[in-house]
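Architecture and fold: a report
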Protein chains: 2
Amino acid sequence: MLPTIEDIRAAAKRIESVAVRTPLLRSDALDEATGATVFVKAECLQRGGAFKIRGAYNKIASLAPEERARGVIAFSSGNHAIGVATASRLFSIPALIVMPADAPKMKVDATRAQGADVVLYDRLTESREEIGARLAAERGAVLVKPFDDPLVIAGQGTIGLEISEAIAPDIVLVPASGAGLACGVILALPNARVYAVEPQGHDDIARSLASAHIESNPPGIRSICDALLLERMGEITFAIAREKLAGALVASDESVRAAMRFAFQHLKIVLEPSGAIALAAALDGALDLKGKTVAIIASGGNVDAGSFAAVLGA
Amino acid sequence: MLPTIEDIRAAAKRIESVAVRTPLLRSDALDEATGATVFVKAECLQRGGAFKIRGAYNKIASLAPEERARGVIAFSSGNHAIGVATASRLFSIPALIVMPADAPKMKVDATRAQGADVVLYDRLTESREEIGARLAAERGAVLVKPFDDPLVIAGQGTIGLEISEAIAPDIVLVPASGAGLACGVILALPNARVYAVEPQGHDDIARSLASAHIESNPPGIRSICDALLLERMGEITFAIAREKLAGALVASDESVRAAMRFAFQHLKIVLEPSGAIALAAALDGALDLKGKTVAIIASGGNVDAGSFAAVLGA
C-alpha cells in the first residue's frame, strides 16, 4: 500500500503540536549563484536537528495504544534515532535504538539525552537488521523503520505539504539514501520535478532508476555524508521513485563541504554533510536551475563541533 | 521626539516585502537549562545576517525621494553597514560606509558585495563621527545613524511587534550597546520586562541607568563582541531606556563563546559573538527565569569562519 496525499494531510495534523513548521530561507547570494529563485527548507531547525521526528512521530502516534505501550525499536545512523527517541519520550514509552559504533558522537549523545537505550554495532561486520529483529522479538517492541513504511513516508511528506502552502516550486532537490523523504515530498508536490541527491560513488538510486531494479551499494564506501550510506532503497520507496522521481543527482564530499561553508556564511545555519548535499548539487550546477523556482531541502544539522570546525577551516 | 508603537507599525508595513519575518526557535535543551519557556528570535536568519536592515530600510524608505537620491552615509562596525548597504541597493542609491579597519572581514566584504563604497578608519586614533560628518557634507548625503534616530529605533522595534504577535513574553533579553534594538523592543512590548545585555567591562548602560546620566566606556576595551563596543548610548535611546528598561546585565567573553557553541549544538544557527550575548546571559543564570516565558534576541550571525571554528574548538 503506497501512501497518498490524504495520509500526508493526516500526518500533518498528528505532528502539528510537536514538530516545527520550519522556515523557507532566502538568500541573495544563492539566487545569484544559481540564477534561480531558491527557497531552502531548513529542517536543521526541526526538533532534534533533522526532519526525522516527522515520520517517527507519525508512525508511533498511529500505533494502537497497547502496541505502543510495549515500546519501540529502531536502527539508525543517527537522525532517525533522535527522531524515534524524541517521539518515544513524548509518548512516555521505552525506545531501543541500534546505532553504528562510528555514528557521530553528538547523534549518539542526543539519542541518549532523549532517554533511549542505545546499542552500538559494527557497521562493517554485523547486520543491524538481524540485531534489530532479535531485540524486537525479545522485547515484543514495534520496529519503527527509517523509510520503508507508508506512515513514515507520509510523515516526511509533511515537508512537501508545508512547501506547497508557501510556494509552487518547479524543482525540488532532496538528500536521499533510503528515499523516504524524497518519496514523501513527491507525493505532496505532484506538480514539481523532485530530484534525489546522493553521495558520489554511492549512487544506488540513480542505478536503480536506470535498471528498473533495486540496486545495492557495495559495502565499505566512505563519504562524509554519514546519514546517506544505506545499502539500498526499500520496496515502497523504490515503487514510488521509479514512477515519479524526476532523477537522481550526485555530489562529491568536496562539494558538500563547500555547501556547508556556503550555508554557514550566507544562510547562518548549521548543516551536517548529509543535510547539505542537495544544496551542494544546486551550487555545483548539477542541474540547470536558471529562471526556476527551486526548493532545496536542508535535511539536518547534527554534526560534531570538531568536524564542523574542520570543514570551516578547509 | 520619541518613537511610538504607531511608528513601529508603520515601519512593519514599510519593511514587509524586504525583511524576513524571522522564526522564534524552541529548544528542549534551552528550556531545561533555564527552567523557562524560551523563544529565540533568530535574527541571524534576517536578510544580511542581522537585524539592522529593519531600521536602515525604514529610515531610507522614509526620506523624501529627492533627498534619498543624493545617497546615504553611515558609520558602523559592520551589521548596520550591511543593513544600510542592502537598503541602498534596493533603492538604487549610492551608499558610503565608514568602518573600523579591524571590523570582521566578512562584514566588510558583505557591505562591499551590496555595492557600497567602504572607507576604513582606525578605531583608536580617528573619530568616525568627524570622518562621517566631513564626507556627508562633501556629498550632500544623508547620514543614517545606527541607533539614535526615531525611525531607526522604530524599524528595530518591528522585532518586538513580531514577537508580540506570537507570544506574550514576561522577559525579553536583548544584546545592547547603542540600545536602538532594546528601545524599539521596549516600545513594541510594553508589558514585558526588557533587559539589555552588554559585554562585561563595557557596561555603560548599567552605569547610565544607575547614575541617571549617559556614561561612557573608556577607549580601548577589548571584547569578542565587536558589534557592541560603542563609546556610549544616544540621547533618544537613553531617554527611553531610563524610563522603561528593566535593567542591564553583562556577560563575559567566555560565556558568549559557550552560548555560540550552545546555539551551534542545540539550535543549529550561526551566531556572532554580539548576537549570542543575550543567550549567554540566560545560560549564565544572570537573571532568574524559572517558570517565565522568555524571548531572547539572537541579533546576528556575521562571523568569520576562522573565528567561529576557533570558538567551536575551544
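This section reports on the structure supplied with the text. If you're wondering where the values come from, they're calculated on a predicted model, not measured in any experiment.

**Thoughts on the nonpolar core**
General note: in soluble globular proteins, nonpolar side chains tend to be found buried as a group. Leu173 and Phe308 of chain A together with Leu173 and Phe308 of chain B are the most contacted members of the largest nonpolar core, which has 86 residues in total. Every residue in contact with Leu173 of chain B, bar those within four places of it in the chain, is listed here: Tyr195, Val197, Leu249, Ala278, Ala282, Leu287, Ala295, Ile296 and Ile297 of chain B.

**Remarks on the environment of Thr158 of chain B**
Residue and element names in this part refer to chain B. On the secondary structure map, Thr158 appears in helix α8 (residues 150-166). Classification of Thr158 by relative accessible area gives buried; the value is 1%. When the C-alpha positions of Thr158 and Asp122 are compared, they lie 33 Å apart, and in sequence the two are 36 residues distant. When residues no more than four places from it in sequence are discounted, the contact partners of Thr158 are Ile8, Ala11, Ala12, Ile15 and Arg54.

**Here we look at the sheet that holds strand β9 (residues 247-251) of chain A**
Strands pair in a sheet through their backbones, by hydrogen bonds, and they do so in one of two ways: parallel or antiparallel. All names here are of chain A. Strand order across the open sheet formed by six strands is β1-β2-β10-β7-β8-β9, with mixed pairing between neighbours. Each of the sheet's edge strands pairs with one partner strand only, and the pair in question is β1 (24-25) and β9. With five bridges joining them, strand β8 (residues 193-199) and β9 adopt parallel strand pairing. Across the sheet, the residue bridging to Tyr195 is Gly247, located in β9.

**Section: the packing of aromatic side chains**
For the structure on display, the rule yields seven aromatic pairs over all chains. A ring pair is formed by Tyr57 of chain A and Phe91 of chain A, whose centres lie 5.0 Å apart and whose planes are at 25°; its orientation type is stacked. Here Phe91 of chain A lies in the loop between α5 (79-90) and β4 (95-100) and Tyr57 of chain A lies in helix α3 (residues 53-62), a separation of 34 residues in the sequence. The exposure class of Phe91 of chain A is partly exposed, given its relative accessible area of 24%. Between Phe308 of chain A and Phe308 of chain B, the aromatic rings sit 6.4 Å apart at their centres with planes inclined by 75°, giving edge-to-face as the arrangement. Within this pair, whereas Phe308 of chain A is found in helix α14 (residues 305-313), its partner Phe308 of chain B is found in helix α14 (residues 305-313), the two belonging to separate chains.

Thresholds applied
- Residues numbered from 1 in each chain as written.
- Chains lettered and ligands numbered in written order.
- Predicted model: local features only at pLDDT ≥ 70, side-chain atom pairs only at ≥ 80, totals over all residues.
- Heavy atoms only, no water.
- Core = buried A, V, L, I, M, F, W, Y, C linked by side-chain atoms within 4.5 Å.
- Buried < 20%, exposed > 50% of the residue type's maximum accessible area, 1.4 Å probe, protein only.
- Contact = heavy atoms within 4.5 Å.
- Helix = DSSP H or I, 4+ residues; strand = E, 2+ residues; numbered from the N terminus.
- Pairing = 2+ DSSP bridges.
- Phe/Tyr/Trp six-rings, centres within 6.5 Å; stacked < 30°, edge-to-face > 60°.

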